[in-house]
Amino acid sequence: MGKKWGLILVFVSMVTLIACSNNNKAVSGEWSPKESIEVVAPAGAGSGWDTTARMTAKIFEEEGMIEQDIGVVNKPGGGGAVGWAYVAEKAGNPHHMFIASPPIIDVPLK
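Residues numbered from 1 in each chain as written. Predicted model: local features only at pLDDT ≥ 70, side-chain atom pairs only at ≥ 80, totals over all residues. Heavy atoms only, no water.

### With respect to the pairing of strand β1 (residues 37–41)
Note the threshold: Burial classification: accessible surface area is computed with a 1.4 Å probe over protein chains only, and a residue below 20% of its type maximum counts as buried, one above 50% as exposed, and the rest as partly exposed. Numbering goes from the N terminus for both helices and strands, where a helix is a DSSP run of H or I of at least four residues and a strand is a run of E of at least two. Criterion used throughout: strands pair if DSSP finds at least two bridges between them.
The buried count for β1 comes to 5 of 5 residues, which makes it a mostly enclosed element. Burial along β1 is two-sided: I37, V39 and A41 facing one way and E38 and V40 facing the other are all buried. Relative to strand β2 (residues 70–74), β1 runs parallel, the two sharing 5 bridges. Bridging from a neighbouring strand, I37 pairs with I70 of β2.

### Looking at the pattern of salt bridges
Note the threshold: Think of a salt bridge as a Lys or Arg side-chain nitrogen and an Asp or Glu carboxyl oxygen that are within 4 Å of each other.
Under the criterion given, the structure shown has 2 salt bridges. The residue D50 makes a salt bridge to R54 at a minimum N-O spacing of 2.7 Å. With D50 and R54 both in helix α3 (residues 48–62) and 4 residues apart, the pair spans about one turn of that helix. When the shortest N-O distance is used, the salt bridge between K58 and E62 registers 3.8 Å. Within this pair, K58 and its partner E62 are both found in helix α3, separated by 4 residues, close to a single helical turn.

Laid out in structure tokens, this is it:
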């Protein structure tokens, strides 16, 4: 996958994560982070989700898309449940984002 498509994929993923937050300003496009951003990878270091989270943070920093620092926190366990629970504790705070993929969304539906 080329860098262009990678950037598009990361952008769409992050917009989805922000839009799904409980912050109306994020949905209207008015959100501007005031503090460091934490991206939660619901798996251990070196996993696919960890790699996606770290690449997302790297691209945002390299492209100057967000001025605040972006850090990655790994919350492995429970097929993503530990990460979801951690982010749920931060409800209403748009500075905590979650890396997800279709399987983590589809599993509860089956």
